[in-house]
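Next come the chains, spelled out residue by residue.
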Amino acid sequence: MTETLDRLRLSRLGDDDLELLLQVRHFELKLLELYGRGELNGTTHTCLGQEYVPVALRPLLGPDDHVFSNHRGHGHYLSTFRDPHGLLAEIMGREGAVCGGVGGSQHIHRDRYMSTGVQGESLPVAAGVALHLKRTEPGTLACVYIGDGTWGEGAVYEALNLAALWELPLLVVVENNGIAQSTPTASQMAGSVGGRAAAFGIRHHLVVSADVNEIRAALAPLVAEVRQALPLVVEFVTHRLGPHSKGDDIRPAGAVQAARDNDWYGRYAHDHPDQFHRLDGPVRAEIQAIADEVAARPPSRWEGTCA
Ligand SMILES: Cc1ncc(C[n+]2csc(CCOP(=O)(O)OP(=O)(O)O)c2C)c(N)n1
Ligand SMILES: [Mg+2]
């Protein structure tokens with residue numbers, strides 16, 4: 001992939017959108033801090049740097065749509081439900097956990113939202129759900145988030161084949177951060193995501209912006225067409241700000257610095273300082289308060305159901 005994130009001035013967001021962006025950012029930073037102090041078990045993958053992707057999509061998806069997330073899914077969940085308490089309780093194994101504490105960071109099921117840590121698992125399932133929706137609830141869609149590295153899974157192509165053949169209301173959101181764990185995409189992917197979508201006759205839209213307003217405006221008519229059973233691959237050129245998981249970043253310092261330089265957080269603070277500084281501190285404090293409150297809860301209990 002030769003495209004890079006554009007560096008144009010970010011347009012001003014409504015407070016609600018900026019608050020959500022900041023909520024995801026501070027949630028993820030808090031998780032890394034808690035792991036660093038040995039207060040969490042299992043693993044986690046933060047979406048640091050990629051927060052704007054689900055925030056941009058948020059109003060384009062409705063409660064009747066299905067969302068399939070992946071291992072890097074906290075932003076997807078928070079953008080869908082605005083529920084940092086339930087997610088943190090899930091990750092910490094505390095009362096109020098959205099899946100009773102058995103799903104953890106990667107395996108969440110709530111209403112029409114489901115995430116999995118198994119790469120490539122969700123796309124065929126989402127295609128099946130999209131077929132069901134086409135038959136029973138026309139106008140709704142299945143949205144699935146996958147990374148660039150996940151295009152190495154054969155199941156992705158079986159699903160794309162059926163999505164095109166059966167004209168499924170399937171929205172595939174690719175968060176192309178240019179790396180899969182420690183493998184740069186350029187060293188493992190022949191061709192491109194767009195070329196692969198084209199091989200199945202599926203429309204492909206490339207997003208090189210981190211401007212939530214701009215992304216939304218461009219995607220709104222395309223997503224409306226997905227609801228009419230025209231599958232779509234939307235590829236975001238983005239970057240992973242943090243490690244793959246926790247403390248396992250072996251990228252050259254220059255690559256990490258480039259991601260920092262392009263990060264929406266610093267760019268937005270520069271472009272809209274008054275609004276940014278009015279909201280950033282309070283949202284950070286709110287996440288701190290949530291972390292303290294959830295940590296003090298008793299352990300979660302599995303009752304055999306998710307929220
Ligand atoms: C089937 C399967 N193989 C391997 C893994 C281990 N694994 C977890 S995340 C990951 C990299 C995924 O890269 P990408 O799709 O680009 O997503 P990113 O982590 O960059 O968001 C791998 C190989 C897995 N979870 N599932
Ligand atoms: Mg990746």
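You'll find the structure just up there.
So, here's what we can say about the structure. Residue positions within a chain follow its written sequence, with the count starting from 1. Think of it this way: whatever chain is written first is A, whatever ligand is written first is 1, and the rest follow in order. Thresholds applied to this predicted model are a pLDDT of at least 70 for local features of residues and 80 or more for the giving and counting of side-chain atom pairs; totals over whole chains, interfaces and linings are not thresholded and use all residues. With hydrogens and water set aside, each side-chain value is computed from the structure's full complement of heavy atoms.

**Considerations on the overall build of the protein**
Part 1: By definition, any uninterrupted DSSP run of H or I lasting at least four residues is a helix, any uninterrupted run of E lasting at least two residues is a strand, and each is numbered from the N terminus. From N to C terminus, the protein includes 11 helices and nine strands.
Part 2: Compactness check: the protein gives a C-alpha radius of gyration of 19 Å against a globular reference of 19 Å for 307 residues, within 12% of the reference.
Part 3: Seen along its three principal axes, the alpha-carbon backbone of the protein occupies a region of about 50 × 45 × 35 Å.
Part 4: Buried positions account for 53% of the 307 residues belonging to the protein.
Part 5: To be clear on the numbers: accessible area is Shrake-Rupley with a 1.4 Å probe, and residue cover counts the displayed protein chains and nothing else. Surface exposure of the protein reaches about 12700 Å², of which carbon and sulfur atoms provide 55%.
Part 6: In summary, the charge assignment counts Lys and Arg as positive and Asp and Glu as negative, without counting His or the chain termini. One atom stands in for each charge, and that atom is NZ of Lys, CZ of Arg, CG of Asp or CD of Glu. For the protein, the distance from the average site of its 27 positive side-chain charges to the average site of its 38 negative ones is 1 Å. Our radius of gyration looks at C-alpha atoms and nothing else; its globule reference is 2.2 Å times the residue count to the power 0.38. Accessible area is worked out with a 1.4 Å probe on protein chains only. A residue is then buried under 20% of its type maximum, exposed over 50%, and partly exposed in between.

**What about the site of ligand 1?**
Part 1: Any residue with a heavy atom lying within 4 Å of a molecule or strand is counted as near it. With respect to spatial proximity, 15 residues lie near ligand 1, and among them His 71, Arg 72, Gly 117, Gly 149 and Thr 150 are the closest.
Part 2: Contacts described as polar in this section are N or O atom pairs within 3.5 Å, which, within protein, must combine one atom able to donate a hydrogen with one able to accept it, while residues neighboring in sequence count only if both atoms come from side chains. In this structure, Gly 149 approaches ligand 1 through a main-chain N or O atom, which is 2.8 Å from an oxygen atom.
Part 3: With respect to ligand 1, the side chain of Gln 181 contributes an N or O atom lying 3.5 Å from a nitrogen atom.
Part 4: The fraction of the free accessible surface of ligand 1 (580 Å²) that becomes covered by protein chains is 74%.
Part 5: Side-chain classes are defined by residue name, with Ala, Val, Leu, Ile, Met, Phe, Trp, Tyr, Cys and Pro counting as nonpolar, Asp, Glu, Lys and Arg as charged, and the others, Gly among them, as polar. Considering only residue class, the shell around ligand 1 consists of three nonpolar, nine polar and three charged.

**As for the environment of Leu 87**
Part 1: Among the structural elements, Leu 87 can be located in helix H4 (residues 84-92).
Part 2: Contacts are residue-level and defined by heavy atoms, with any inter-residue pair within 4.5 Å sufficient. Leave out the neighbours within four places in its chain, and Leu 87 touches Phe 27, His 74, Tyr 77, Leu 78 and Ile 108.

**A word on unusual backbone geometry**
Part 1: Of note in this structure, Arg 82 is not a glycine but carries a positive phi near 50 degrees.
Part 2: Within the secondary structure, Arg 82 is located in the loop between helix H3 (74-81) and H4.
Part 3: The class of Arg 82 is partly exposed, set by a relative accessible area of 32%.
Part 4: The backbone of Gln 181 sits at a positive phi, close to 60 degrees, despite the residue not being glycine.

**A look at the pattern of salt bridges**
Part 1: Every case where a carboxyl oxygen of Asp or Glu lies within 4 Å of a side-chain nitrogen of Lys or Arg is listed as a salt bridge. In the structure shown here, the tally under the stated rule is 20 salt bridges.
Part 2: Its salt-bridge partner being Arg 25, residue Glu 51 comes within 2.6 Å of it at the nearest N-O pair. Of the two residues, Glu 51 sits in the loop between helix H1 (15-36) and helix H2 (52-57) while Arg 25 sits in helix H1, which places them 26 residues apart along the sequence.
Part 3: A residue is classified by how much of its surface remains accessible, and Glu 51, at 0% relative accessible area, is buried.
Part 4: Exposure remark for Arg 25: the relative accessible area of 4% places this residue in the buried category.
Part 5: Among the salt bridges present, the one from Glu 293 reaches Arg 297, with a minimum N-O distance of 3.0 Å.
Part 6: Residue Glu 293 is classed as partly exposed on the basis of its relative accessible area, which comes to 38%.
Part 7: Where salt bridges share partners, they join Asp 16, Asp 17, Arg 58, Arg 82 and Arg 216 into one cluster.

**Considering the packing of helix H5 (residues 122-136) against helix H6 (residues 154-165)**
Part 1: With their axes 8 Å apart at the nearest point, H5 and H6 run at an angle of 20 degrees to one another. Between H5 and H6, the crossing angle belongs to the class labelled roughly parallel. For H5 against H6, the interelement crossing comes out left-handed. Contacts between H5 and H6 involve Leu 123, Pro 124 and Ala 127 from the first element and Ala 155, Val 156 and Ala 159 from the second.
Part 2: A class-by-class count of the residues in the contact of H5 with H6 yields six nonpolar, no polar and no charged. Where helices are involved, their axes are fitted lines through C-alpha atoms of the stretch in contact, as for all axes, and angles between N-to-C directions lie from 0 to 180°. Here is the rule for angles: anything less than 35 degrees is roughly parallel, anything more than 145 is roughly antiparallel, 65 through 115 is roughly perpendicular, and the remaining ranges are oblique. By convention, the crossing between two helices is left-handed when the near helix turns anticlockwise from the far helix through less than a right angle, and right-handed when the turn is clockwise.

**Regarding the coordination of the magnesium ion (ligand 2)**
Part 1: Coordination partners: N, O, S within 2.8 Å of the metal, 3.2 Å for Na, K and Ca; water not considered, so apparent gaps in a site are possible. Of the protein atoms, only Asp 148 (OD), Asn 177 (OD1) and Ile 179 (O) coordinate the magnesium ion (ligand 2), at distances of 2.1 to 2.4 Å.
Part 2: Sequence positions of the residues that donate to the magnesium ion (ligand 2) give the spacing D-x28-N-x1-I. Judged on exposure class, the residue Asn 177 and its partner Ile 179 are both buried.

**A look at the packing of H1 against H4**
Part 1: Closest axis-to-axis distance for the H1/H4 pair is 12 Å, and the angle between their directions is 20 degrees. The angle between H1 and H4 places the two elements in the roughly parallel class. Considering how the two elements wind past one another, H1 and H4 form a crossing that is right-handed. Between H1 and H4, the residues in contact are Gln 23, Phe 27, Leu 31, Leu 34 and Tyr 35 and Pro 84, Leu 87, Leu 88, Ile 91 and Met 92, respectively.

On their own, these measurements won't tell you what the molecule is for.
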